[in-house]
Amino acid sequence: MQADMFEELNLSADLLKGLYVEMKFERPSKIQTISLPMILTPPYKHLIAQAHNGSGKTTCFVLGMLSRVDPKLTAPQALCICPTRELVIQIDDLCDLQIRS
Ligand SMILES: Nc1ncnc2c1ncn2[C@@H]1O[C@H](COP(=O)(O)OP(=O)(O)OP(=O)(O)O)[C@@H](O)[C@H]1O
């Protein structure tokens, strides 16, 4: 299964708004087209994905995390483990942008 439009992914209205309004994305990149349906559709499985630098991988796992958390709960609900502080900051910035809406 592939998703050529973000609307095909059953994302919440807030996450879609984040993609279109805050991120200004128009459609999924190639790695997103292939991996997002696997990440977002039950039964959830472990996934290892590989693609070029800057191809949109971070958005894949950030959307996976954000789509599974309840924004009304204030307790930690997802854990993202990164090898460097710079990567943590980059991913945190993307999460901030994505949830701004
Ligand atoms: N669907 C999309 N449409 C337009 N721009 C996008 C899309 N997905 C990601 N981008 C943009 O492309 C750039 C690279 O995205 P991202 O950081 O997710 O890639 P990456 O594969 O994780 O990169 P790296 O390998 O360097 O960590 C960012 O500026 C991001 O906002």
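Heads up: the structure comes first, above all this text.
All of these numbers come straight from a predicted model, not from anything done at the bench.

(A) Broad picture of unusual backbone geometry. The residue after P42, namely P43, is reached through a cis peptide bond having omega 0 degrees. With respect to the secondary-structure elements, P43 resides in the loop between α2 (30-40) and α3 (57-66). In this structure, N10 takes a positive phi of about 55 degrees despite not being glycine. N10 gets classed as exposed once you look at its relative accessible area, which sits at 74%. Here the phi dihedral of K24 falls at roughly 60 degrees; this positive angle occurs in a residue that is not glycine.

(B) Inspection of the packing of aromatic side chains at higher detail. Applying the stated criterion to the full structure yields two aromatic pairs. Taking 6.0 Å as the distance between ring centres and 80 degrees as the angle between the ring planes, the aromatic pair formed by F6 and Y20 counts as edge-to-face. On the criterion of sequence distance, the pair formed by F6 in the segment before α1 (13-22) and Y20 in helix α1 is long-range, its members being 14 residues apart. With relative accessibility at 0%, the residue F6 sits in the buried group.

(C) Quick look at the layout of surface pockets. There is about 1,100 Å³ of room inside the largest pocket. Taken together, 36 residues line the largest pocket, and the ones lying closest to its centre are I39, L47, K57, C60 and F61. Going through the elements one at a time, α2, α3 and α4 (85-99) are the ones with two or more residues in the lining of the largest pocket. Grouping the amino acids of the lining of the largest pocket by side-chain chemistry returns 22 nonpolar, 11 polar and three charged. By volume, the second largest pocket is sized at about 480 Å³. In terms of lining, the second largest pocket is formed by 17 residues, of which the most central are M65, L66, V69, P71 and I99. Among the elements of the structure, α1, α3 and α4 are those that each provide at least two residues to the lining of the second largest pocket. Top contributing element to the lining of the second largest pocket by residue count: α4, with three residues.

Rules of the game
- Residue positions are given per chain, counting from 1 as you read along its sequence in written order.
- Totals for whole chains, interfaces and linings use all residues, but because this is a predicted model, local features are given only for residues with pLDDT of at least 70 and pairs of side-chain atoms are given and counted only at 80 or more.
- Calculation of side-chain values draws on the structure's entire complement of heavy atoms; hydrogens and water are dropped beforehand.
- Under the DSSP-based scheme used, a helix requires at least four consecutive residues in state H or I and a strand at least two consecutive residues in state E, with every element numbered from the N terminus.
- Burial status follows relative accessibility: with a 1.4 Å probe on protein chains alone, a residue under 20% of its type maximum counts as buried, one over 50% as exposed, and anything between as partly exposed.
- Only rings of Phe, Tyr and Trp enter the pairing, Trp through its six-membered ring, and a pair is recorded when the two centres are within 6.5 Å. The plane angle decides the type: under 30 degrees is stacked, over 60 is edge-to-face, the rest tilted.
- Definitions used throughout: a 1 Å grid over protein atoms alone; a cavity as a set of points that fits a 1.4 Å probe which cannot get out; a pocket as an open set with protein on both sides within 12 Å along at least five of seven lines; a lining residue as one with an atom within 4 Å of a point.
- Grid points are joined across faces, edges and corners, and a volume is the space filled by probe spheres set on the points.
- Residues are sorted three ways: Asp, Glu, Lys and Arg are charged, Ala, Val, Leu, Ile, Met, Phe, Trp, Tyr, Cys and Pro are nonpolar, and all the rest, Gly among them, are polar.

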